[in-house]
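Here are the chains, one letter per residue:
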Amino acid sequence: MSASVYLDHNATTPVDPSVLEVMLPYFSHDFGNAASHTHAWGLKASRAVEKAREQVAALVGAEPQEIVFTSGATEAINLAIKGVCEIYAQKGRHIVTLQTEHKAVLDCCAYLEKTGAEVTYLPVGRDGLPDLAQLERAIRPDTVLVAVMRANNETGVLQPVDAIARIVHEKKSLFLCDATQAAGKIRVDVNEDGADLLCLSAHKFYGPKGTGALYVRRRNPRVSLAPLIHGGGHERGLRSGTLNVPGIVGMGAAAVLAAENAWTIGEHLSKLRTWLEQHLLDLGGVYINGSTRHRLPNTSNLCFTGVRADQLITRLPQLALSAGSACTSALREPSHVLLAMGIPQADIHASLRFSLGKDNTEEQMKEVLAAVVAAVNHLRAQA
Ligand SMILES: *Cc1c(COP(=O)(O)O)cnc(C)c1O
């Protein structure tokens, strides 16, 4: 009986023990409201939040005043897209994005379409990458925002956001980069990546769930946003509501950890991922979905032809795997990402995502390989 192995880190990661330790006092002893500036409790909470703001800013090469704390990347994306559309309505109401973006982006765009906005959803090739000439042609004088993710959560495919940002800026539009899946795995830098807006989520890099951030550029250009949530004017009026101090403190600590260790963790993950992937490819009738050149070090989205991914998952109860993103796995719909990449329906239903994390070991990869090979062989023999 092999031990259970968690291979679904693109859905969420555990809170690092050192991060939890830093958070704990802010639930009880240091429980102050960060907006209460008339006493020591409030001031202590406020100072902790501002320290976390510096830590999160440092992870992405931003200034602390450019960071707005939110409940996660979904909220940050909603704030960015809806906030830009409202403020820049004079310029127009056209958005450009990719068909392979996260549902938070796509559903937000679909909602705005119902209110009269226009959205261009660009296709991608089999490698998961768009045609940049087509992207350039899609940007119009009334395009207020172009939204492209740094790393895809299902395939790990990396977008050339620096090149995309240059095109967007030449066309005088704004660029939103969803870096939720990239932060802590590869280098993310708002200036190198050319982001005017960039979103993050703590629980994807060993921080707590329910805390995220939106970077909002303050210079060259200064980006304005309309808030989604109105209230006491917290976060410079962009996100009212009493701050989640323990969550924010945890996000700051996780950001420090991510910045310090991203390189070594990336090397470790890339080694494990490559080993597992190469051996699984040896099975035959297995292929990698998406670009292998432009890919996160921890993600492997594999198609096991002739096998149903849901049956494979059922036969592997000791492994935490996913057929697509956590957000759509409840729906049993074929992955919109693989669909957009032109992968045949049967192969989409035969695809599984392995997303590794820093605590995975070589020993675990051997167990995973043996279990997956046995399950695939069993299911293929039955077919
Ligand atoms: C997880 C994820 C999100 C949503 O983040 P939450 O903080 O869970 O709302 C958005 N985009 C990408 C690419 C993600 O992986």
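The present account deals with the structure reproduced in this document. (Residues numbered from 1 in each chain as written. Predicted model: local features only at pLDDT ≥ 70, side-chain atom pairs only at ≥ 80, totals over all residues. Heavy atoms only, no water.)

1. Remarks on the nonpolar core
Turning to step 1, where the next piece is worked out: Phe-69, Phe-175 and Leu-198 are the most contacted members of the largest nonpolar core, which totals 63 residues.
Turning to step 2, where the next piece is worked out: The greatest single-element share of this core, amounting to nine residues, is contributed by helix 7 (residues 245-281).
Turning to step 3, where the next piece is worked out: In this structure, Ile-77, Val-84, Val-144 and Leu-145 belong to the second largest nonpolar core, which totals 29 residues. (Core = buried A, V, L, I, M, F, W, Y, C linked by side-chain atoms within 4.5 Å. Buried < 20%, exposed > 50% of the residue type's maximum accessible area, 1.4 Å probe, protein only. Helix = DSSP H or I, 4+ residues; strand = E, 2+ residues; numbered from the N terminus.)

2. Examining the pattern of salt bridges
Turning to step 1, where the next piece is worked out: In this structure the tally under the stated criterion is 14 salt bridges.
Turning to step 2, where the next piece is worked out: The salt bridge partner of Asp-8 is Arg-353, with a shortest N-O separation of 2.9 Å. Taken together, the residues Asp-8 in the loop between strand 1 (5-6) and helix 1 (17-23) and Arg-353 in strand 12 (residues 351-355) connect sequence positions 345 residues apart.
Turning to step 3, where the next piece is worked out: One salt bridge connects Arg-187 with Glu-192, and the closest N-O pair in it is separated by 2.8 Å.
Turning to step 4, where the next piece is worked out: Relative accessible area serves as the criterion here: at 57%, Arg-187 is assigned to the exposed category.
Turning to step 5, where the next piece is worked out: Taking relative accessible area as the criterion, Glu-192 reaches 45% and is therefore assigned partly exposed.
Turning to step 6, where the next piece is worked out: It is possible to trace a salt-bridge network through shared partners that takes in Glu-50, Arg-53 and Glu-235. (Salt bridge = Lys/Arg side-chain N within 4 Å of Asp/Glu carboxyl O.)

3. Some words on the sheet that holds strand 12
Turning to step 1, where the next piece is worked out: Read across the open sheet, the three strands follow the order 9-10-12; overall the sheet is antiparallel. Unpaired on one side and paired on the other, strand 9 (286-288) and strand 12 mark the two borders of the sheet. Across this sheet, the average inter-strand angle for adjacent strands is 30°, counted without regard to direction.
Turning to step 2, where the next piece is worked out: Pairing geometry for strand 10 (residues 299-304) and strand 12, over five bridges, is antiparallel. (Pairing = 2+ DSSP bridges. Axes fitted to C-alpha atoms, helices over the stretch in contact; angles between N-to-C directions.)

4. Examining the packing of aromatic side chains
Turning to step 1, where the next piece is worked out: Per the counting criterion, the structure on display carries one aromatic pair.
Turning to step 2, where the next piece is worked out: A cation sits over an aromatic face here: Lys-82 above Tyr-111, 4.9 Å from the ring centre. (Phe/Tyr/Trp six-rings, centres within 6.5 Å; stacked < 30°, edge-to-face > 60°. Lys NZ or Arg CZ within 6 Å of the ring centre and 35° of its normal.)

5. A closer look at the packing of helix 3 (residues 73-87) against helix 4 (residues 103-114)
Turning to step 1, where the next piece is worked out: As a packed pair, helix 3 and helix 4 sit with axes 9 Å apart at the nearest point and diverge in direction by 35°. In terms of crossing hand, the pair formed by helix 3 and helix 4 is right-handed. Packed against helix 3, whose contacting residues are Thr-74, Ile-77, Asn-78, Ile-81, Lys-82 and Cys-85, the element helix 4 presents Ala-104, Val-105, Cys-108, Cys-109, Tyr-111 and Leu-112 at the interface.
Turning to step 2, where the next piece is worked out: Looking at side-chain class alone, the contact of helix 3 with helix 4 contains nine nonpolar, two polar and one charged residues. (Left-handed = near helix turned anticlockwise from the far one by under 90°. Contact = heavy atoms within 4.5 Å. Nonpolar A, V, L, I, M, F, W, Y, C, P; charged D, E, K, R; others polar.)

6. A word on the site of the ligand
Turning to step 1, where the next piece is worked out: Not every one of the 13 residues close to the ligand is listed here, only the nearest: Thr-74, Asp-178, Gln-181, Ser-201 and Lys-204.
Turning to step 2, where the next piece is worked out: Separating an oxygen atom of the ligand from a side-chain N or O atom of Thr-74 is a distance of 2.5 Å.
Turning to step 3, where the next piece is worked out: Measuring from an oxygen atom of the ligand, one finds a side-chain N or O atom of Lys-204 at 2.7 Å.
Turning to step 4, where the next piece is worked out: Compared with its free state, where it exposes 390 Å², the ligand has 87% of that area covered by protein.
Turning to step 5, where the next piece is worked out: Ranked by the residues each element gives to the shell around the ligand, the list is headed by helix 3, at three residues.
Turning to step 6, where the next piece is worked out: Residues of the shell around the ligand, tallied by class, amount to three nonpolar, eight polar and two charged. (Near = heavy atom within 4 Å. Polar contact = N/O pair within 3.5 Å; in protein donor to acceptor, adjacent residues only side chain to side chain. Areas by Shrake-Rupley, 256 points an atom, 1.4 Å probe, with all protein chains shown as cover.)

7. Details of the sheet that holds strand 4 (residues 118-122)
Turning to step 1, where the next piece is worked out: Taken together, the seven strands give an open sheet; going across it, the order is 2-8-7-6-5-3-4, and neighbouring strands pair in mixed fashion. Looking at strand neighbours, the two that pair on one side only are strand 2 (67-70) and strand 4, the edges of this open sheet. Within the sheet, the average angular offset between the axes of one strand and its neighbour, ignoring direction, is 20°.
Turning to step 2, where the next piece is worked out: As judged from the four bridges shared by strand 3 (residues 94-98) and strand 5 (residues 143-149), these two strands associate in the parallel manner. Bridge pairing in strand 5 links Thr-97 to Ala-147.
Turning to step 3, where the next piece is worked out: Most of the contacts of helix 6 (residues 161-170) go to strand 6 (residues 174-178), to which it runs at about 160°, and overall it touches strand 5 and strand 6.

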